[in-house]
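These are the residues of each chain, in order.
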Amino acid sequence: MSRSDGGHLDYYKEFGISPVRYDLSDLGAHFDRRSSLYNQLGLPEIAFRGCRVLEVAPGSGHNSLYLAQSCPTFLDLVEPNPAGIKDILETYKKYNLQRTEPVLHKKKLQEFEPTSLYDVVICENWLGALPEERQLIKKLATFVTPGGVMVMTIVPLSGFMPNILRKLMANRIISGDMNFEAKTELLVRAFGPHLSTIKGMTRSHVDWVRDCMINPHYLNVALPLDVVLKDVGAKMELLGSSPSFNTDWRWFKSLSGDAWKFNENFYSNYVSHSHNFVDYRYLYPARTATKNEHIDGLCNQLHDAALKMERHLCEGHSWAQANPSQVLKLVEEIAKELLEISPHFSDALTEAGEALAADSLDVTNIANQKYFNALFGRETVYVSFTRRKDPV
Ligand SMILES: C[S@@+](CC[C@H](N)C(=O)[O-])C[C@H]1O[C@@H](n2cnc3c(N)ncnc32)[C@H](O)[C@@H]1O
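Residues numbered from 1 in each chain as written. Predicted model: local features only at pLDDT ≥ 70, side-chain atom pairs only at ≥ 80, totals over all residues. Heavy atoms only, no water.

A.B. asks: So what exactly am I meant to see when it comes to the packing of aromatic side chains here?
C.D. replies: The relative placement of two aromatic rings is captured by the distance of their centres and the angle of their planes. The full count for this structure, using the stated rule, is 21 aromatic pairs. Ring plane angle 50 degrees and centroid distance 5.9 Å describe the contact between Tyr 11 and Tyr 12, whose orientation is recorded as tilted. Neither residue differs from the other here; Tyr 11 and Tyr 12 are each classed as buried. Taking 5.8 Å as the distance between ring centres and 55 degrees as the angle between the ring planes, the aromatic pair formed by Tyr 284 and Phe 345 counts as tilted. With Tyr 284 in the loop between α10 (262-272) and α11 (289-314) and Phe 345 in helix α13 (residues 343-357), the pair connects residues that are 61 residues apart, well separated along the chain. Of the two residues, Tyr 284 and Phe 345, neither departs from the other in class, the shared state being buried. (Phe/Tyr/Trp six-rings, centres within 6.5 Å; stacked < 30°, edge-to-face > 60°. Buried < 20%, exposed > 50% of the residue type's maximum accessible area, 1.4 Å probe, protein only. Helix = DSSP H or I, 4+ residues; strand = E, 2+ residues; numbered from the N terminus.)

A.B. asks: Is there a simple way to think about the side chain of Glu 133 in this case?
C.D. replies: Its place among the elements puts Glu 133 in helix α5 (residues 131-142). Arg 134 provides the closest opposite charge to the buried, unpaired Glu 133, separated from it by 9.4 Å. A polar contact is formed between the side chain of Glu 133 and the backbone nitrogen of Gly 128, at a distance of 2.6 Å. Dropping the residues within four chain positions of it, Glu 133 is found in contact with Trp 126, Leu 127, Gly 128, His 217 and Asn 220. (Lys, Arg positive; Asp, Glu negative; His and termini not counted. Salt bridge = Lys/Arg side-chain N within 4 Å of Asp/Glu carboxyl O. Polar contact = N/O pair within 3.5 Å; in protein donor to acceptor, adjacent residues only side chain to side chain. Contact = heavy atoms within 4.5 Å.)

A.B. asks: How do you make sense of the site of the ligand when you look at a structure like this?
C.D. replies: Taken together, 17 residues surround the ligand, and among them Tyr 22, Ala 57, Glu 79, Glu 124 and Asn 125 come closest. A distance of 2.7 Å is found between a nitrogen atom of the ligand and a backbone nitrogen or oxygen belonging to Glu 124. Asn 125 is positioned such that a nitrogen or oxygen atom in its side chain is 2.8 Å from an oxygen atom of the ligand. Protein burial of the ligand: of its 590 Å² of free accessible surface, 98% is covered by the chains. By residue class, the composition of the shell around the ligand is nine nonpolar, four polar and four charged. (Near = heavy atom within 4 Å. Areas by Shrake-Rupley, 256 points an atom, 1.4 Å probe, with all protein chains shown as cover. Nonpolar A, V, L, I, M, F, W, Y, C, P; charged D, E, K, R; others polar.)

A.B. asks: I keep staring at α13 and nothing clicks. Help me out?
C.D. replies: In an α-helix, one full turn covers 3.6 residues, which means residues spaced three or four apart are oriented alike. Spanning 15 residues, α13 covers 21 Å between terminal C-alpha atoms, matching the ideal 21 Å at 1.5 Å per step. For α13, every residue scored as buried is listed here: His 344, Phe 345, Ser 346, Ala 348, Leu 349, Glu 351, Ala 352, Gly 353, Ala 355 and Leu 356. The inward-facing, buried residues of α13 abut α6 (157-173) and α12 (325-339). (Expected span 1.5 Å × (residues − 1).)

A.B. asks: Would you take a moment to explain the pairing of strand β7 (residues 381-387) for this structure?
C.D. replies: Every other side chain in a regular strand lies on the same face of the sheet, so the side chains alternate between the two faces. Taking burial as the measure, the seven residues of β7 include six buried ones, the bulk of the element. Where strand β5 (residues 144-154) lies against β7, six bridges are found, and the strand directions are antiparallel. Across the sheet, the residue bridging to Met 150 is Phe 385, located in β7. As judged from the six bridges shared by strand β6 (residues 236-242) and β7, these two strands associate in the antiparallel manner. When the bridges of β7 are listed, Gly 240 appears paired with Ser 384. (Pairing = 2+ DSSP bridges.)

A.B. asks: Sorry, what's going on with the packing of α6 against helix α8 (residues 205-214) here?
C.D. replies: Helix-helix packing is described using two parameters, namely the angle between the two axes and the distance between the axes. Running from amino to carboxyl end, α6 crosses α8 at an angle of 90 degrees, the nearest separation of the two axes being 9 Å. For the element pair α6 / α8, the angle class is roughly perpendicular. Counting all contacts with α6, which are made through Asn 163, Arg 166, Lys 167 and Ala 170, the residues of α8 involved are Trp 208, Cys 212, Met 213 and Ile 214. For the contact of α6 with α8, a count of residues per class yields five nonpolar, one polar and two charged. (Axes fitted to C-alpha atoms, helices over the stretch in contact; angles between N-to-C directions. Parallel < 35°, antiparallel > 145°, perpendicular 65-115°, else oblique.)

A.B. asks: Would you mind going over the environment of Ser 18 with me for this structure?
C.D. replies: On the secondary structure map, Ser 18 appears in the loop between α1 (7-15) and α2 (27-40). With sequence-adjacent residues up to four places away left out, Ser 18 is seen in contact with Gly 59, Ser 60, Asn 81, Ala 83, Gly 84, Asp 87 and Asp 207.

A.B. asks: Would you take a moment to explain the sheet that holds β5 for this structure?
C.D. replies: Strand pairs in the sheet, formed through backbone hydrogen bonds, run parallel or antiparallel to each other. With respect to topology, seven strands assemble into an open sheet ordered β3-β2-β1-β4-β5-β7-β6, the strand pairing being mixed. Two strands in the sheet have a free side with no partner beyond their single neighbour: β3 (103-105) and β6. The average angle at which neighbouring strand axes cross in this sheet is 20 degrees, direction not considered. In the packing of α2 onto the sheet, the strands contacted are β4 (118-123), β5, β6 and β7, and the crossing angle to β6 comes to about 140 degrees. Sheet strands touched by α10: β5 and β6. Its angle to β6, the strand with the most contacts, is close to 35 degrees.

Structural data, given as structure tokens:
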């Protein structure tokens, strides 16, 4: 196992990959999916037309095609990964649509200094809670014009929890002397049956395995909503999310000046639904903040323990030396806590815990899991913010 501190980019560049290509075999369906996402975020197609739009970290550029065909005034893309840049150029060459031609800035966000503000700023599936990344979240928010919108992704710990466990299983079955292709092949065999349970998946298993299970930076993508709220500042007001978990029954006539409190209202809905991020297949009634903060706290501890184990494994320690006992204890506690909601959680987590506790674990054990196989969180949550204007 190797560990990179340079984030996704160093890893992508090392292997010449951009593992974020989507299924474009039915372009209409692809645009429907993008449109559904942005509708949930409060951005119908007209919100892009005639606007100044920026997408940072567009990866393959597949998602930006939807923005381009909405005909913004201009569309800036900031992408530093050579493999991603190649995909973007090929994508725009292949699809000859009526659109605004994007301007591609082949650089990092750290190096990008725009000359004017944007109406819409988008950055999906990239930034986590590492200190440098939090600075970049702040930087993105400064690009938004007053009254404009910023779209980004967060990763709540409860939604991340199932894949934290998969990442540990992956770390356990791959060995340092395997090459990249061998790791990919092995992990696709292990997790392919898990991924096949997901109906709406639009990424290949190879890309998923490379982006999540082999990517040494993957555990750093955790990004709870409270961290983002601190970073973007009170001027950025939550507008929407996908999935949509916010309800707001306040009378709009009571909402002026300091009474706005959109972020507070949104955040309390987020907390009371945080158990609903654990399994994308189900929706349960809201719970009290105290109960859900407890689950979030345990998932947070699990994340810390997994990072610690990963560090030990990278330093060449064996699985036993990396001391899985803390992880195992937390998995048990989370299973016990979630049992109150549904027994299926505890069946799945008990199976995962047993796999991590076993003396040996191999591809077949993982591939044949009966309960944990279909447990995937609502791991990536999209959120939109509006930049509040100064009072008149
Ligand atoms: C997981 S991919 C997400 C791609 C795309 N947004 C999506 O949702 O499919 C992360 C993206 O961040 C880009 N990236 C990494 N470091 C970056 C940086 N310093 N500045 C801008 N983009 C960066 C990567 O090259 C990659 O395209």
